[in-house]
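Fold and contact review
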Amino acid sequence: MVKKIPMAICYDFDGTLSPGNMQEYEFMDKLGVKAMWFWKKSLKFSKTQNADPILAYMRLMLDEAQYKGLPVTRDYFNKCGENVEFFPGVTDWFKRINNYGKKNRVEVSHYIISSGLKEMIEGTAIAKEFKCIFASSFMYNASNVAYWPANAVNYTGKTQYLFRINKGCCDINDNKIINQYIPEEDRAVPYKNMIYIGDGDTDIPCMKLVKLSGGHSIAVYNPRKKGRKNKAQKLIQEDRVNISANADYREGKLLDSYVKSIIDKLSNDYKVMKFEK
């Protein structure tokens, strides 16, 4: 039997797969607040309370929803996710890349590592494409209403999920496998077989870790937003990513070609390794 080569593509969400923050598509509209006002207030709240910025925005969501009388249930968050928009090519990207991998004996799995809300991501049209969705989430009461953060994924916290992917552990409550010694050759996905795709400061630790470990990191940017391209290219100069690319996931574009080239490389490396054994 021909061995399948495991490969993981890890994505941030907001600004990486979607051009905006997921909370802005439906949630803020229902609240009747402007995105700039919300994020400015969240940042001020974080600083005055000396709080983690992710916990601050999650608390502010609950406070504003309660003030406006909006019941924030899990189902409602899922529904908000249905309205999230994507960059060009995202919706057919996963099938296309998976099929290309199969042709080269590479088994591609996709993962989300996001500071956004897991419940909203689970409501999007692409949720089914991911093996695991690692993201911030809420606790819910008996009426299924959110009342407290259950998990907050900040910029340094994101790196732990790379370790979980490496060892094949999607359960964030399982600390046994994540701390267990497993020889590199027996791990689910070697770091050199990982790709990390992100756009912002919260992605830098993951980008650097994947690149230093022999994998590939990609900084994507929205060409319609001023300064984003320069910011992404700066990450190349700082040796934090391998390349920067327009967040255009359509076939034949730079992102598509680069990821397929990595798949080719993994396949060819495996062929060479067989001769050397």
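In short, a report on the structure. Because the structure is a prediction, the values reported are computed rather than measured.

1. Concerning helix α9 (residues 204–212)
Taken together, the buried positions of α9 are occupied by I204, C206, M207 and V210. The arc enclosing the buried residues of α9, seen along the axis, measures out at 165°, which places them on a common side. Of the surrounding elements, those touching the buried residues of α9 are α7 (159–167), β5 (194–198), β6 (216–221) and α10 (228–237). Downstream of α9 by one or two residues, G214 has phi in the positive range, about 95°.

2. Description of the layout of surface pockets
Computed from the structure, the largest pocket encloses a volume of approximately 960 Å³. Along the walls of the largest pocket sit 30 residues, with D14, N21, W39, I54 and T202 positioned nearest its centre. Counting only elements with at least two residues in the lining of the largest pocket, the list comes to α2 (35–48), α3 (53–68), β2 (106–117) and α10. A class-by-class count of the residues in the lining of the largest pocket yields seven nonpolar, 12 polar and 11 charged. The calculated volume of the second largest pocket comes to roughly 400 Å³. Every residue lining the second largest pocket is counted, 16 residues in all, and those nearest its centre are K3, P190, K192, N193 and M273. Of all elements in the fold, only β1 (5–11) and α11 (254–276) reach the threshold of two or more residues within the lining of the second largest pocket. Take the lining of the second largest pocket: its biggest share by element is four residues, from α11.

Criteria and cut-off values
Residues numbered from 1 in each chain as written. Predicted model: local features only at pLDDT ≥ 70, side-chain atom pairs only at ≥ 80, totals over all residues. Heavy atoms only, no water. Buried < 20%, exposed > 50% of the residue type's maximum accessible area, 1.4 Å probe, protein only. Helix = DSSP H or I, 4+ residues; strand = E, 2+ residues; numbered from the N terminus. Arc of directions from axis to C-beta. Contact = heavy atoms within 4.5 Å. 1 Å grid on protein atoms, 1.4 Å probe; cavity = no way out; pocket = protein on both sides within 12 Å on 5 of 7 lines; lining within 4 Å. Points joined across faces, edges and corners; volume = space filled by probe spheres on them. Nonpolar A, V, L, I, M, F, W, Y, C, P; charged D, E, K, R; others polar.

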